[in-house]
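# Observations on chain architecture
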Amino acid sequence: MSATQAASDDVLIARIAQGDRLAMQVLYGRHHVRVFRFGLRLVRDEQVAEDLISEVFLDVWRQAGKFEGRSAVSTWLLAITRFKALSALRRRKDVELDDEAANAIEDSSDDPEVAVQKKDTSEALRKCLTALSPEHREIVDLVYYHEKSVEEVAEIVGIPENTVKTRLFYARKKLADLLKAAGIERGWP
Amino acid sequence: MMAVRKKMLEQEPSEIEMLLPWHAAGTLNARDARRIDEALARDPELAKQYAAIREEYAETIHLNESLGAPSARAVQKLFAAIDGEPARKPSASLNISVRVAEFFASLSPRTLAWSASLGALALLLQAGVIGAVLMKDQTAPFQTASLSTSEPATRALGPEAPPRALVRFAPDARVADITALLDSYQASIVDGAKGGMFRLQFGNRAMAKDEIASLMSKLQNEKIVSLAVATP
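The following refers to the structure shown. Keep in mind the model is a prediction, meaning the values are calculated, not measured.

### Regarding the overall build of chain B
Summing up its helical and strand segments, chain B has nine helices and four strands in all. For chain B, the N- to C-terminal ordering of α and β elements is α-α-α-α-α-α-α-β-α-β-β-α-β. Considering chain B as a whole, with its 232 residues, one finds that 14% of them fall into the buried category. For chain B, long-range pairs separated by at least 24 residues make up 57% of all intrachain contacts whose partners lie at least 6 apart in sequence.

What follows is the structure, encoded as structure tokens:
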């Protein structure tokens, strides 16, 4: 995100704090897709993810006056989304937060082994990315897709910066293990 | 070779290794990015790992982009909820920093450039005015010991200052007469008429005591001068 957009996000938040619905529409239009995707990767349910973004932006409407601008608005949005997603997961009785359950609710399409049989390494890699644990998934998404710095990830996830770095390293190692189990060697590790 | 690599992985990863994903995403600061570029250039194992990271990076983006977007239901639900919120009065206590940000965000780059130029000019003028005021208010009769090519390299301290006197002119003295007297004595008025007295300064060099006495005596004898008293 450019510095100009970050500054203009701040202005939108200030207007939202004044009750400006148009500013809310602009902010929503700018960020809702990324917020939805981040939430969907965490809750793995489109309906829940849609409900989630309504809740996230309603929180923004209510809390805009308290936003101090110490982080980027996009970072603030992702932090709210994560909090709401974890709350939604806790509410769902049929979902557990451990790795095993996360892997169990994978979609019903090809598993990594089948994808390799199709000789499609990229697809297998995407399958393995989906098979990561929730905490590994979120850190991979935040760094690669949402382009968040070490400091921003630390703020969103609520962990120290060094933990952010080591967690991503071990997420990548787990990804390599899943690929290896699927018969794919990439030269690392 | 495999054993060495395996051993490396069992050890704690290095800082450079851990920062590689941020390098791929382009979110490192310039200093760290340079450090990593240098490390990648000299370490083929690290470069191999970086290639794997770039694959992960590309596929993570691909995966997220394939997730689609929410339906219109989400935005409808949001604004229905906002409609149900209590009406909000615009507050006068809008954060001052946001007001400033909003003001500058509303200016075009050209306007901003002009404003910056005018600001710089205003600063220069302000510096000039402050300098002038300081020089004017500097009443203590001393100069720094720096070399001046137009004046003798001497320091003018209190006792060596040009002589001064309080002078009262005769009530019938005309302005032309006073001006002529000031010219003939190379004198200038340094302070206004307080109680009918003017403070005059004579010449621009210090004088000996007898010279000052002689000057006062001569001045006292002028027809248009009713009183002349030497002052420090």
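### Brief notes about helix α3 (residues 30–42) of chain B
Taking 1.5 Å of rise per residue, 13 residues should cover 18 Å, and α3 of chain B covers 19 Å from first to last C-alpha, within 8% of that figure. The buried fraction of α3 of chain B amounts to one of the 13 residues, a small share that puts the element mostly on the outside.

### Brief notes about the pairing of strand β1 (residues 164–169) of chain B
All names here are of chain B. Only one face of β1 is covered, namely the one carrying Ala165, Val167 and Phe169; the face carrying Arg164, Leu166 and Arg168 has none of its residues buried. Across four bridges, β1 lies against strand β3 (residues 197–202) in antiparallel orientation. Following the sheet pairing, valine 167 is matched in β3 by phenylalanine 198. Examined bridge by bridge, β1 and strand β4 (residues 225–231) share six bridges and lie antiparallel to one another. Considered in β4, the bridge of arginine 164 is made with threonine 231.

### Focus: the environment of alanine 47 of chain B
Residues and elements named next belong to chain B. Here alanine 47 lies in helix α4 (residues 44–65). Residue classification places alanine 47 among the partly exposed positions, given that 14 C-beta atoms sit within 10 Å. Residues alanine 47 and leucine 20, 27 residues apart in the sequence, show an inter-C-alpha distance of 9.7 Å.

### Re the interface of chain A and chain B
Each partner contributes to the interface: chain A provides 43 residues, whereas chain B provides 43 residues. Those elements that provide at least two residues to the side of chain A that touches chain B are α1 (3–17), α2 (21–43), α3 (46–63), α7 (121–130), α8 (134–145) and α10 (161–181) of chain A. A per-element tally of the side of chain A that touches chain B places α2 of chain A first, with eight residues. Looking at the side of chain A that touches chain B residue by residue, the class counts come to 24 nonpolar, nine polar and 10 charged.

### Some words on unusual backbone geometry
Here arginine 44 of chain A, not a glycine, exhibits a phi torsion of approximately 60 degrees, which is positive. Structurally, arginine 44 of chain A is set in the loop between α2 and α3. Its 19 C-beta neighbours within 10 Å are what place arginine 44 of chain A among the partly exposed residues. One non-glycine residue, glutamine 186 of chain B, lies in the positive phi region at around 50 degrees. Looking at glutamine 186 of chain B, the number of C-beta atoms within 10 Å reads 12, which means it is exposed.

Cut-offs and rules
- Residues numbered from 1 in each chain as written.
- Chains lettered and ligands numbered in written order.
- Predicted model: local features only at pLDDT ≥ 70, side-chain atom pairs only at ≥ 80, totals over all residues.
- Helix = DSSP H or I, 4+ residues; strand = E, 2+ residues; numbered from the N terminus.
- Buried ≥ 20, exposed ≤ 12 C-beta atoms within 10 Å, placed from the backbone.
- Contact = placed C-beta atoms within 7 Å.
- Expected span 1.5 Å × (residues − 1).
- Pairing = 2+ DSSP bridges.
- Nonpolar A, V, L, I, M, F, W, Y, C, P; charged D, E, K, R; others polar.

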